[in-house]
Amino acid sequence: KSKENGGNLYTFYRSSFQIITSENLALQTSLGYALEREELEVYYQPKVSLRTGKIVGAEALLRWNHSQLGIISPARFIPIAEETNLIVPIGEWVLKTACQQTKGWHNAGFSDLRIAVNISARQFNQPDLYSRVYQLLIETGLDPKYLELELTESVLMQNTEVSIVRLTAFKALGVQIAIDDFGTGYSSLSYLQQFPFETLKIDKSFIGKVNSDPKTKLITKNIIQMAHDLKLNLVAEGVETQAELNFLYYNDCDEMQGYLFDKPLNVRDFEERLLAGKSLQILPAKSDLD
Ligand code: C2E
Ligand code: MG
Ligand code: MG
Ligand code: MG
């Protein structure tokens, strides 16, 4: 059905520059149809408490099952969705799907699950984002306190005054805010403190080096310490090894997500983990540290 859009993406390039251009154009076109063709799917990556070892929520991560190209990573198509403004309807669909799904899990007895949804710059800059979120919460019946919006520092930094107003409105509604990829931008935690948010997510580039690079280890320890002094909830992303987990646990990080526990999962697989009560293995008491 979509031969014109995707069938011969690779047949007419001459230089690498043209490959990128024509490929992006073709992706733009087919991304425009992705929603109605039901090629988009929300995956859920478990977030796990380091106190109880239990799944406390999930991050919604979008997947695109392209009819010809197979699964395309969000790192590839989210920027295209941003440029074309397609991120607005797509982002709204993700929000709605994730809230609906989470309400369903609540009804099934997993009543404390939280859901985190990524919001990119274009979405955050939509003047009606707040009212759309409000509307979706009413439509789906999800209690606002179980919804968390993940925003990067750079998005908040674009217009600090407007960002503060928007975040304050979400806070009043009870929706949680998390700073995503913390440490990859240029802002300090003390500067970020002007924004009302509850959760800080330490970027996976730090987590991946805590056991090999002494400086990263020290910086990460300090981020955790400072975040706690500021009463923030701390999430580590991209946890891949037991050694990284041990470091986070003994340094009092609150929650983790990463391949060590699970990759982003489709609904069926995520539910399987919930029903099995999958949890992190309990670590030795912190006081037993030598
Ligand atoms: P993000 O929000 O920082 O999401 C975390 C990314 O790290 C995800 O990549 C996740 O699959 C990956 N990840 C999780 N654990 C590990 C690990 O242990 N090791 C490694 N190497 N990676 C891990 P993903 O799903 O490819 O998404 C990439 C980015 O695309 C996201 O980064 C987010 O910025 C964006 N994105 C994804 N879904 C959406 C969406 O629905 N809306 C918007 N606006 N952006 C989205
Ligand atoms: Mg995120
Ligand atoms: Mg992140
Ligand atoms: Mg990211």
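Residue numbering note: each chain is counted from 1, following its sequence as written. As a convention, the first chain written is A and the first ligand written is 1, with the rest following in written order. Two thresholds apply to this predicted model, a pLDDT of at least 70 for residue-level local features and 80 or more for giving and counting side-chain atom pairs, whereas whole-chain, interface and lining totals are computed over all residues. Based on all heavy atoms of the structure, the side-chain values leave hydrogens and waters out of the count.

*Asks:* Please explain the layout of surface pockets as it appears in this structure.
*Replies:* Sizing a probe to match a water molecule and rolling it over the atoms shows the empty space that remains. What the largest pocket holds in volume is close to 1,000 Å³. Taken together, 38 residues make up the lining of the largest pocket; nearest its centre are Glu59, Leu61, Pro74, Asn118 and Asp180. The way it works is that DSSP assigns letters per residue, a run of H or I at least four long becomes a helix, a run of E at least two long becomes a strand, and they are numbered from the N terminus. Elements with a minimum of two residues in the lining of the largest pocket: strand E2 (55-66), helix H3 (74-84), helix H4 (87-107), strand E4 (114-118), helix H5 (121-124), strand E5 (147-152) and strand E6 (176-182). As defined here, a cavity is a set of points on a 1 Å grid over the protein atoms alone where a 1.4 Å probe fits but cannot get out. A pocket is an open set with protein on both sides within 12 Å along at least five of seven lines, and residues line them when an atom is within 4 Å of a point. Grid points are joined across faces, edges and corners, and a volume is the space filled by probe spheres set on the points. Volume-wise, the second largest pocket comes out at about 190 Å³. Around the second largest pocket, the lining residues are Lys54, Ile55, Gly109, Phe110, Ser111, Asp112, Leu113, Arg273, Leu274, Gly277 and Lys278. For the lining of the second largest pocket, a count of residues per class yields four nonpolar, three polar and four charged. Throughout this entry, Asp, Glu, Lys and Arg are counted as charged residues, while Ala, Val, Leu, Ile, Met, Phe, Trp, Tyr, Cys and Pro are counted as nonpolar. The remaining residues, Gly among them, count as polar.

*Asks:* Sorry, what's going on with the coordination of the magnesium ion (ligand 3) here?
*Replies:* Angles at a metal have ideal values that depend on geometry: 109.5 degrees with four tetrahedral donors, 90 or 180 degrees with six octahedral donors. Ligation of the magnesium ion (ligand 3) by protein atoms is provided by Asp180 (OD), Asp181 (OD), Glu237 (OE) and Glu237 (OE), these donors lying 2.1 to 2.6 Å from the ion. For Na, K and Ca the donor cutoff is 3.2 Å, while for all other metals N, O and S atoms must lie within 2.8 Å; water is not among the atoms, so some sites may look incomplete. Written as a sequence motif, the donor residues of the magnesium ion (ligand 3) are D-D-x55-E. A gap of 3.8 Å separates the magnesium ion (ligand 3) and the magnesium ion (ligand 2), which aspartate 180 links by coordinating each metal. On the criterion of sequence distance, the pair formed by aspartate 180 in strand E6 and glutamate 237 in the loop between strand E8 (233-236) and helix H12 (242-250) is long-range, its members being 57 residues apart. Of the two residues, aspartate 180 and glutamate 237, neither departs from the other in class, the shared state being buried. When a residue's accessible area, from a 1.4 Å probe over protein chains only, is under 20% of the maximum for its type it is buried; when over 50% it is exposed; and in between it is partly exposed.

*Asks:* Is there a simple way to think about the environment of glycine 109 in this case?
*Replies:* Tracing the sequence through the fold places glycine 109 in the loop between H4 and E4. Glycine 109 sits in the exposed class, given a relative accessible area of 52%.

*Asks:* How do you make sense of helix H11 (residues 214-229) when you look at a structure like this?
*Replies:* Because an α-helix completes one turn every 3.6 residues, residues spaced three or four positions apart along the sequence face the same direction. Taking 1.5 Å as the rise per residue, H11 with 16 residues should run 22 Å; its terminal C-alpha atoms sit 23 Å apart, in good agreement. Those residues of H11 not exposed but buried are Thr216, Thr220, Ile223, Ile224 and Ala227. Within H11, the buried residues cover an arc of 95° as seen down the axis, which keeps them to one side. Exposed side chains of H11 directed beyond 90 degrees from the buried face belong to Pro214, Lys215, Leu218 and Asp229. Residues of H11 that are buried in the fold lie against E6, helix H9 (189-192), strand E7 (199-202), helix H10 (204-207), E8 and H12. Positive phi appears at lysine 231, one or two residues downstream of H11, with a value of about 65°. Multiplying 1.5 Å by the helix residue count minus one yields the expected span of that helix. Here the arc refers to the directions that run from the helix axis out to each C-beta atom. Residues count as neighbours in contact if any of their non-hydrogen atoms are within 4.5 Å of one another.

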